[in-house]
Amino acid sequence: MKNFDRFVSLGLACASLMAISRSANAYIDAGSGSYLLQVLLAGLLAGAYVAKSAILNMKAVIVRKLHPTKRDDSVTHVG
Amino acid sequence: MSAEARLGASFRDPSGFVYKKSGVLLRQVNESYRDAFRLLTESGLYESLVQGSLLIPHTAASFDLALTEDAAFVIKPEIISTISYPYEWSFSQLKDAALLTLQVQKTAIQHGMSLKDASAYNVQFHHGRPIFLDTLSFEPYLEGKPWIAYRQFCQHFVAPLVLMSHVDVRLGKLSENFIDGIPLDLASRISHPFTRLNVKIGLHLHLHAKLQAKSANEAPKPEPASKFSKNALLGLIDGLSSLVEGLQWKPEGTEWADYYSDTNYSSASMAAKKEMVKSCLQTIEPAPKIVWDLGANNGEFSAIATGLGIRTIAWDIDPAAVEKNYRSRRDDRLMLPLVQDLTNPSPDLGWGLKERDSFIGRGPVDAVMALALVHHLAISNNVPLQDVAEFMARIGEWLIIEFVPKEDSQVQRLLATREDVFPSYTKAGFESAFSAHFRIVSSENVEGTVRTLYLMRRIGAPKI
């Protein structure tokens, strides 16, 4: 529990810094808790997205091989 | 600056504002937003969003129409005919608005930009579909930066949708009390305990609420910032889309959702009434451009108006009836179903009571339909007929209204469990009350029933 609290505190510090370094166009309060959650989840979100994109791309390749004339619109390009 | 010209809701974002000049709706882009506005066009984002019917199109307007000295550009957006608010939307309308916002954000990221806000008020219904309104909501995307509008998206969309889906659909009305979305701690506390077992809801609502509460008491400390990669941002948008798409609600079991299958109308009477309503609408000169159908239920009679090419707002108190109407008529570009309790209509809201217009403030309209409604107002809600007539005169010039007498089985049902304290609720009393505000153009018995359908025209100017 103590370790989790320390982790949260470190995350909060990161989030606060990121909140401070906003762009000139920002005008709403992002909320440091909301920033922290995104920072904490970053690896998980990126991993899930890359894995999902890879599966969809693989599926598209298989569909193209099996049905050369059929177009799969579900292809996702990882940014 | 003329405060009267700037729209009451357009003051938060320093990038610009919406205003009216000589009756024309314009949007000023301020100098501080010049570069971002250029990027919107030069990146191809504007074209991509407009082609996909995701963003309201605009044209360039004369710079002479600028309202203040810090103007960089002036644009003229396409007009939305009727403004509606999230607390008036059915479950699927709010869900579609949420998915639209996420789609806009995903498209923005692909073009090197990102949404800097994600308010549900940035979405309106246009030609039957949701569309994003705020052309100035985009900022250049900075790699490594989390989504600044994530909290707002969760408050405006995730919280109400989870509550509507997992607790009670009527909780959509909570948005009326919280102009910047439902606080996540409140939504977390009142949501169903089982939602904590759902990973996506657990993260975006419950854990999010917990971290918000914790961070509120922490002082900022300068430490190196972690990176939030573009893939993480796309994963966040993907996860939120999947959460929203997974939320379901079935419109059934409410008082009105099955009204037409539980009524005493024969199919012949129903068909006759539809013909009469159509005939009344065709009698109105000049032809109405917009009709409000009050107590529209699932929009069966509203569809007669849209069938005649008239834009129709189908208001009903029951979220299930509005949901059914929306789901079954998505292709009807002239229909807009909305939730509205006429006994307690949407008020003016927000800063200075000018951010969100009241129900009455969005009128008056060319014509109002009030079919099988008067007995609910006069008997279920004890509103005197004179007051009902005065209310109708405030919102419409023409009125197609059905009087349902005490002999009708529906009225008898209303009176079955209560004292009849309505001696003046008679056809003569109805005509007398409405004659104070309207001229009765025609009246006709609805075939096979004891009901009467009237076409009336307001006497004089609207009663504000």
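Please read all numbers here as calculations on a predicted model, not as lab measurements.

(A) Summary view of helix 10 (residues 319-328) of chain B. Residues and elements named next belong to chain B. Extensive coverage of helix 10 is indicated by the burial of seven of its ten residues. Taken together, the buried positions of helix 10 are occupied by Pro319, Ala320, Ala321, Val322, Glu323, Asn325 and Tyr326. Where helix 10 begins, the capping side chain belongs to Asp318, and its oxygen is found 3.0 Å from the backbone nitrogen of Ala320.

(B) Representation of the nonpolar core within the structure. Residues and elements named next belong to chain B. Counting residues in hydrophobic clusters, the biggest one holds 111 residues, and the most contacted among them are Phe138, Trp147, Phe153, Trp292, Leu294, Met392 and Phe434. A total of ten residues in this core trace back to one element, the largest contributor, which is helix 4 (residues 150-166). If you look at the next biggest cluster of nonpolar residues, it comprises 20 residues, including Val277, Ile284, Ile310 and Val446.

(C) View of the sheet that holds strand 9 (residues 290-294) of chain B. Residue and element names in this part refer to chain B. The sheet built from seven strands is open, its strands ordered 11-10-9-12-13-15-14 with mixed pairing. On the outer flanks of this sheet lie strand 11 (335-339) and strand 14 (438-445), each paired with one strand and no other. Neighbour-to-neighbour, the strand axes of the sheet open up by a mean angle of 15 degrees, direction not taken into account. Most of the contacts of helix 14 (residues 427-435) go to strand 15 (residues 452-458), to which it runs at about 15 degrees, and overall it touches strand 13 (396-403), strand 14 and strand 15.

(D) Quick look at a nonpolar patch on the surface. All names here are of chain A. Judged by side-chain polarity, Met58, Ile62 and Leu66 come together as a nonpolar surface patch covering roughly 330 Å² of accessible area. For Ile62, the position within the fold is in helix 2 (residues 32-66). For Ile62, a relative accessible area of 45% gives the class partly exposed.

(E) Structural view of the confidence of the model for chain A. Residue and element names in this part refer to chain A. Summary statistics for chain A give a mean pLDDT of 72 and a share of 56% for residues scoring 70 or more. This stretch, residues 12-21, has a pLDDT under 50; its non-local contacts, to residues over four places away or in other chains, come to 26 contacts. Contacts for the low-pLDDT stretch residues 74-79, under 50 throughout, to residues beyond four places or in other chains number 16 contacts.

(F) Focus on the pairing of strand 9 of chain B. Residues and elements named next belong to chain B. Counting buried residues along strand 9, five of its five residues qualify, which places the element largely inside the surrounding structure. Burial of the side chains of strand 9 extends over both faces: Ile290, Trp292 and Leu294 are buried on one face and Val291 and Asp293 on the other. When strand 9 meets strand 10 (residues 311-316), the two strands line up parallel, connected through five bridges. Residue pairing across strands places Ile290 opposite Arg311, the latter belonging to strand 10. Since strand 9 and strand 10 lie parallel, the crossover through helix 9 (residues 302-307) that links them has a hand, and here it is right-handed. Note that strand 9 and strand 12 (residues 365-370) share four bridges and pair parallel. Looking at strand 12, one finds that Trp292 is bridged to Val368.

(G) Inspection of the side chain of B:Gln212 at higher detail. Here B:Gln212 lies in helix 6 (residues 199-215). Within the structure, B:Gln212 has its side chain in polar contact with the side chain of A:Ser34 (distance 3.4 Å). Residue contacts for B:Gln212: discarding those within four places in its chain leaves A:Gly33, A:Ser34, B:Arg151, B:Gln155 and B:Leu184.

(H) Molecular detail of the pairing of strand 12 of chain B. All names here are of chain B. With five of six residues buried, strand 12 lies mostly within the body of the structure. Pairing analysis gives five bridges linking strand 12 to strand 13, with the strands arranged parallel. Following the sheet pairing, Ala370 is matched in strand 13 by Ile401.

(I) A look at helix 14 of chain B. Residues and elements named next belong to chain B. Turning to helix 14, its buried residues are Gly429, Phe430, Ala433 and Phe434. Relative to the axis of helix 14, the buried residues are bounded by an arc of 120 degrees and lie together on one face. Counted as exposed and oriented over 90 degrees from the buried face of helix 14: Ala428 and Ser432. Packing partners of the buried residues in helix 14 comprise helix 11 (374-380), helix 12 (385-395), strand 13, strand 14 and strand 15.

Rules and cut-offs
- Residues numbered from 1 in each chain as written.
- Chains lettered and ligands numbered in written order.
- Predicted model: local features only at pLDDT ≥ 70, side-chain atom pairs only at ≥ 80, totals over all residues.
- Heavy atoms only, no water.
- Buried < 20%, exposed > 50% of the residue type's maximum accessible area, 1.4 Å probe, protein only.
- Helix = DSSP H or I, 4+ residues; strand = E, 2+ residues; numbered from the N terminus.
- Polar contact = N/O pair within 3.5 Å; in protein donor to acceptor, adjacent residues only side chain to side chain.
- Core = buried A, V, L, I, M, F, W, Y, C linked by side-chain atoms within 4.5 Å.
- Pairing = 2+ DSSP bridges.
- Axes fitted to C-alpha atoms, helices over the stretch in contact; angles between N-to-C directions.
- Contact = heavy atoms within 4.5 Å.
- Patch = residues over 30% accessible without salt bridge, like charges linked within 9 Å, V, L, I, M, F, W, Y side chains within 5 Å.
- Areas by Shrake-Rupley, 256 points an atom, 1.4 Å probe, with all protein chains shown as cover.
- Salt bridge = Lys/Arg side-chain N within 4 Å of Asp/Glu carboxyl O.
- pLDDT = per-residue confidence, 0-100.
- Right-handed = clockwise from strand over helix to strand, strands pointing away.
- Arc of directions from axis to C-beta.

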